Amino acid sequence: MLLLIFRRFYQTTEVGEWYFKMRLPILLNRSGFTQLLRKSFSTQFQSTPFILEKLAHRCVIRVSGDEALPFLQGLITNDMRHLEEGAPSMYCMFLNTKGRVIFDSIIYQENQGSLLVECDTRAEVQLKKHLTVYKVRRKIVIESCGFPVYGAFGDNAEESVQKLTKGNENLVACRDPRVKELGFRIIARNGELESTEEQNYKRLRFSLGVGEGVEELPSGNCFPMEANCDYMHGVSFHKGCYIGQELTARTHHTGVVRKRLMPLFFEPRKSLPALESPILDPQGKNVGKLRGLCESGVGIALLRVTEALRSADNLQIGDLNVKTHRPQWWPSELSKDRPEF
């Protein structure tokens, strides 16, 4: 009961919610509930400063022409009509014919007839080839832009982004369409911005359980629901056909999604397990695979939700003890195959 009261207290602010997700598991393990309460209500509580970070692992491809929107409509999981109706950006995935993820993307409305498709830098060449294969005779142009991508988050992020972009038409800026805690996305179409590359954004993503790029979403090796694409407004179940739609729709209507990307927390250390390492519960049962870790004590993994949450504070990756929890941004609607935790 006390833990529930404490939790709700901190969720009244965006910074408090971030602190709860980032540090609670480690503090509980280190010093117990009494010390946690003492620290929580002390003057040591600090806000997260505003951070503008260049995302070196992300790049931009421009798709332009009168048929750009209907062209992408048949290739992605989301509905391009969101952009036609005024949305500045939207999250989506490109699937193969078997319904597996090959690229994750955020698509931005640059101007009339011109779209910016953000993707992992390591997948840029493959995505251009993928788009070219389906272009056929459509009157569109597919080109690499070389525009840098930035993440903006922390205290007063909205106000800071507004000041940064005011009067600068070369900046494409909008709130991250996936999860509000991720802050804002900025594309600079005319040079670099003063920023950091300290991977604060990666740690934030991991703490939220948000995967991104070919390392955390291996091409052809995971399904959109497992990557929480449905929870992050990246799938439309009302649009027409697109590549990989049949299996995605079937999974949605059956309501059975047993595995999802979830955050991991552990004591900071230098030596980290290899990616794809198995994650075991106290009985030695495999409950998932590791997809990413930071030395600072956060990571991300594809976990069997029900089994992982049953032993949320006592999971093992080799000699590393890790914890997980159900992310607060997940919607309250639950799959038919599992109870609420």
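For the structure, see preceding data.
Residues numbered from 1 in each chain as written. Predicted model: local features only at pLDDT ≥ 70, side-chain atom pairs only at ≥ 80, totals over all residues. Heavy atoms only, no water.

## What to know about the environment of L55
Along the polypeptide, L55 turns up in the loop between β1 (51-54) and β2 (58-64). As for L55 and D120, which are separated by 65 residues in sequence, their C-alpha atoms are 9.8 Å apart. Beyond its immediate sequence surroundings of up to four residues, L55 is in contact with V149, Y150, G151, R185 and Y201. (Helix = DSSP H or I, 4+ residues; strand = E, 2+ residues; numbered from the N terminus. Contact = heavy atoms within 4.5 Å.)

## Topic: the packing of aromatic side chains
Enumeration according to the criterion identifies three aromatic pairs in this entry. Measuring from ring centre to ring centre gives 6.2 Å for F94 and F103, while their planes differ by 80°; the resulting arrangement is edge-to-face. This pair shows no difference in class: F94 is buried, exactly as F103 is. On the basis of an interplanar angle of 45° and a centroid distance of 6.0 Å, the ring pair of F153 and Y201 is categorised as tilted. Highlighted residues: F153 in strand β7 (residues 149-153) and Y201 in helix α7 (residues 200-208), separated in sequence by 48 residues. (Phe/Tyr/Trp six-rings, centres within 6.5 Å; stacked < 30°, edge-to-face > 60°. Buried < 20%, exposed > 50% of the residue type's maximum accessible area, 1.4 Å probe, protein only.)

## Digging into the sheet that holds strand β4 (residues 101-111)
Strands sit in the order β3-β4-β5-β2-β6 across an open sheet of five strands; the sheet is antiparallel. Two strands in the sheet have a free side with no partner beyond their single neighbour: β3 (89-95) and β6 (141-144). This sheet shows a mean twist of 30° between the axes of neighbouring strands, independent of strand direction. Direction of pairing for β3 relative to β4: antiparallel, over a ladder of seven bridges. Directly across from M93, in β4, lies its bridge partner D104. (Pairing = 2+ DSSP bridges. Axes fitted to C-alpha atoms, helices over the stretch in contact; angles between N-to-C directions.)

## Remarks on the pairing of β3
As a general feature of sheets, a regular strand has side chains that alternate between the two faces. In terms of burial, β3 is a largely internal element, seven of the seven residues being buried. Alternating residues of β3 divide into S89, Y91, M93 and L95 and M90, C92 and F94, and every residue in both groups is buried.

## Here's the deal with helix α5 (residues 124-135)
Over its 12 residues, α5 extends 16 Å from the first C-alpha to the last, a length consistent with the 16 Å expected when each residue adds 1.5 Å. Along α5, the residues classified as buried are E124, L127, H130 and L131. Looking down the long axis of α5, one finds its buried residues gathered within 125° of arc, a one-sided arrangement. Those residues of α5 that are exposed and aimed more than 90 degrees away from the buried face are V125, K129 and V133. As for α5, its buried residues are in contact with β2, α3 (68-73), β3, β4, β5 (114-120) and β6. (Expected span 1.5 Å × (residues − 1). Arc of directions from axis to C-beta.)

## Digging into the nonpolar core
Core analysis: the biggest nonpolar cluster contains 56 residues, and M93, L116, I187, L264, I279, L303 and W329 have the highest contact counts within it. Here the element with the most residues in this core is strand β13 (residues 298-304); it accounts for five residues. Among the nonpolar cores identified, the runner-up in size contains 26 residues, and L69, F71, L72 and L83 belong to it. (Core = buried A, V, L, I, M, F, W, Y, C linked by side-chain atoms within 4.5 Å.)

## A few points about the sheet that holds β7
Within the open sheet, the four strands sit side by side as β1-β7-β9-β8. Their pairing is antiparallel. With partners counted over all chains shown, the strands left at the sheet margins are β1 and β8 (171-175), one partner each. Taken over all neighbouring pairs, the strand axes of this sheet differ in orientation by 20° on average, direction set aside.

## What about unusual backbone geometry?
Positioned with a positive phi, N156 is a non-glycine residue whose angle comes to about 55°. Position of N156 relative to the elements: it lies in the loop between β7 and α6 (157-165). Although it is not a glycine, H233 sits at a positive phi angle of roughly 60°. Relative to the helices and strands, H233 resides in the loop between α8 (213-216) and α9 (245-254). Residue H233 is classed as exposed on the basis of its relative accessible area of 53%.

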